[in-house]
Amino acid sequence: MSFLFLLHRPKRHSAMSRRVTRSTTRLDRNSLTLPVEVVIEIFLRLPLNSIATCRCVCKLWSSLLRSQDFTDSFLTKSCARPQLLFACSDYRHEIHFLSSPQPENPEDNSHVVASNHLARFPTSYGLFGCTNGFFCYGANQGKNKAVIVTVVCNPSTGQSLTLPRLNSKERYRVENYLGYDPVAKVFKVLSVFDGKEHHVLTLGTKKLSWRVVECSIPHYSSRKGICISGVLYYIAAEPRSSTGESMVVCFDLGTEKFSFVNLSRLKRALPQSTTLVNYNDRLGLLMASEDTCYVFRTCKRFKLWVLRDAAKHEWSKYVYVLPPLWKDVIVDRMCIAGMVGTKEIVLAPWFQYVPSYVIYYNVESKTIRKVGIQGMEALQGRRLNTYLNYVENVKLL
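Computed from a prediction, not measured in an experiment: that's the story for all the values here.

## Describing the overall build of the protein chain
Assigned secondary structure in the protein chain consists of 6 helices and 25 strands. Expressed as a percentage of its 397 residues, the buried residues of the protein chain come to 51%. Of all intrachain contacts in the protein chain linking residues separated by at least 6 positions in sequence, the fraction that spans at least 24 positions is 52%.

Listed below in C-alpha cells is the structure:
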C-alpha cells in the first residue's frame, strides 16, 4: 500500500477535488497529486480493511474516504460481486459473521468456495435481517436485570451501534426491521411492538431518537421481512385472524407511511417455509410444497407468488416442479435462503454441519448444484442463518 503515499503531495485542487474535500482544502500540504477521480479509482481497488487504515493518514484522505461520492462508488462496486453472509451464534451467545463468494453459475457439484470470518459481536438475542451491508439484531444488555436492546452493525468493518431504548409499555412481541432509503441515502429501523406501537429511527443523525409513526391497522408482525427499493415488507396477521398470517405490511421509508396487501387471493395460509425474496425489484413469496419450515428431500415443488400491483392486491403465481435427481442431492433438512435474480432458488442447511454446503436450483434449466463452503468447522452444530446478495459497505456507523 506504500504506493498510495505518492498521492499525498502538494498540488492545486481541481473543481471536483474542492467539492469532495471542501473541509480540508486549506491544508495545501495534504493536497493530492492526481485528479480526485483517479485517486478514488485507486482506493476502490483496495480491500476494506486497507481503506480503514487510509482514513487515518491525513484529514484530506479521511474526508475523501468518508464522502458520499466514495461510499456510493464502493457500494456500486460491491453490488457487482455479491456474497453469501452466514450468521451463527455460538454457545456463549456471541454472533459470528462469515462470508463467502456467491457463485452465480456453479459449474459442477464439486464446486467449493472458502468462507471468510468477518466479525463477532456479543450477547446475541435475535436476528432481524441484513440490508445494504448493515445488519440488525437484538442483544441482552446488563447482567442482573438484562434488557433487550437493538443493535445495528457492519460485519465487514466490525463496527456496531446500540440504539436508544424505547420507553414502551410493551416488552414482548417486538420486531425490528432494517431498511435503506435509496433516495435520501439513509438507513432506518422500524420497531413494531405487538402491532400496537410503531416507531422509526434514522441512522446517521447527530442525536439518535425514535419517532412515533401512525398505523391504521393493528397487526401482529413476524420476523419475515425484506427491504426492496426503499420499501420495507413484512408478513403479519390481524389480531382476530383465525387463518394465521393474513397480510403483507408495506412501509415506505421515504414517506414513513404504511399500506397493506391482503393475502386472501393466495387461497391458502402461508406455509412456514415462506420466504420473502426480491424478484426483479418486486416482492416475492417463495415457499415449499410441504407445510413446514424445513425443506426435505420429499419436497416436490416450489411456489412463488410475485406482487404485481400492491394497490389492487394482484399477484402472479409460478410453480417450479423439482426433477427426480432432487432426492439424491438433499441429505438433511434445509431452509429457503432466497433467490439469486429470477432463475436460481438457494437452499441452505438449518444447522451448521461438516461438510457445509448450499444448493442452487435453476428453475429454467432444472439443474441442481451443490456448492461446498469451507472454513466453518468451528461452528459445528450451531443454528445457521444464510443471507444472499450481501455487499460490503464502507459507510461508518
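## Digging into the sheet that holds strand S17 (residues 275-279)
Strand order across the open sheet formed by 4 strands is S17-S18-S19-S20, with antiparallel pairing between neighbours. Two strands close off the open sheet at either side, each with one partner strand: S17 and strand S20 (314-321). Each strand of the sheet is rotated relative to its neighbour by a mean of 30 degrees, with strand direction disregarded. Bridge count for strand S19 (residues 301-309) against S20 is 8 bridges, and the pairing is antiparallel. Within the sheet, the bridge partner assigned to Val306 lies in S20 and is Ser316.

## Describing the packing of helix H2 (residues 36-44) against helix H4 (residues 59-66)
Two elements in contact, H2 and H4, have axes separated by 11 Å at closest approach and are oriented at 75 degrees. With respect to their mutual orientation, H2 and H4 come out roughly perpendicular. For the pair H2 and H4, contact is made by Val36, Val39, Ile40 and Phe43 and by Trp61, Leu64 and Leu65, respectively. Looking at side-chain class alone, the contact of H2 with H4 contains 7 nonpolar, no polar and no charged residues.

## Comments concerning the pattern of salt bridges
Side chains that carry opposite charge are capable of pairing whenever their charged atoms lie near each other. Under the criterion given, the structure shown has 7 salt bridges. A salt bridge links Glu94 to Arg120; its shortest N-O distance comes to 3.5 Å. One end of the pair, Glu94, is in the loop between strand S1 (83-89) and strand S2 (95-101); the other, Arg120, is in strand S4 (residues 116-121), with 26 residues separating them in the sequence. Close ionic contact of Glu256 with Lys188 constitutes a salt bridge, the shortest N to O distance being 2.8 Å. Of this pair, Glu256 sits in the loop between strand S15 (247-252) and strand S16 (257-262) while Lys188 sits in strand S10 (residues 186-193), and the two are 68 residues apart along the sequence. Per residue, the accessibility class of Glu256 equals that of Lys188, and both read buried.

## Observations concerning the side chain of Thr274
Inspection of the secondary structure assignment puts Thr274 in the loop between S16 and S17. A distance of 2.7 Å separates the side chain of Thr274 from the backbone oxygen of Pro271, its partner in a polar contact.

## Topic: the packing of H2 against helix H5 (residues 68-79)
The geometry of a pair of packed helices is captured by two quantities: the angle between their axes and the separation between those axes. Close contact between H2 and H5 brings their axes to 10 Å; oriented N to C, the two are set at 45 degrees. Between H2 and H5, the interaxial angle falls into the category oblique. Once H2 is placed against H5, the crossing between them reads as right-handed. Residues Ile40, Phe43 and Leu44 of H2 form the contact with H5, whose own contacting residues are Phe70, Ser73, Phe74 and Lys77.

## Some words on the packing of aromatic side chains
Taken as a whole and assessed by the stated rule, the structure comprises 16 aromatic pairs. Aromatic pair Phe70 and Phe74: ring centres 6.2 Å apart, planes at 40 degrees, arrangement tilted. Taken together, the residues Phe70 and Phe74, both in helix H5 and 4 residues apart, mark about one turn of the helix. For the pair Phe258 and Phe260, a centre-to-centre distance of 6.5 Å together with 10 degrees between the ring planes defines the contact as stacked. The burial state of Phe258 is the same as that of Phe260; both residues are buried. One aromatic cluster is present, formed by Phe97, Phe121, Phe135, Tyr137 and Tyr387 through successive ring pairs. Directly above the aromatic system of Tyr294 lies the positively charged group of Arg333, at a separation of 4.6 Å from the ring centroid. Over the ring of Trp350 we find Arg383, and its NZ or CZ is 3.8 Å from the ring centre.

Definitions and limits used
Residues numbered from 1 in each chain as written. Predicted model: local features only at pLDDT ≥ 70, side-chain atom pairs only at ≥ 80, totals over all residues. Heavy atoms only, no water. Helix = DSSP H or I, 4+ residues; strand = E, 2+ residues; numbered from the N terminus. Buried < 20%, exposed > 50% of the residue type's maximum accessible area, 1.4 Å probe, protein only. Contact = heavy atoms within 4.5 Å. Pairing = 2+ DSSP bridges. Axes fitted to C-alpha atoms, helices over the stretch in contact; angles between N-to-C directions. Parallel < 35°, antiparallel > 145°, perpendicular 65-115°, else oblique. Nonpolar A, V, L, I, M, F, W, Y, C, P; charged D, E, K, R; others polar. Salt bridge = Lys/Arg side-chain N within 4 Å of Asp/Glu carboxyl O. Polar contact = N/O pair within 3.5 Å; in protein donor to acceptor, adjacent residues only side chain to side chain. Left-handed = near helix turned anticlockwise from the far one by under 90°. Phe/Tyr/Trp six-rings, centres within 6.5 Å; stacked < 30°, edge-to-face > 60°. Lys NZ or Arg CZ within 6 Å of the ring centre and 35° of its normal.

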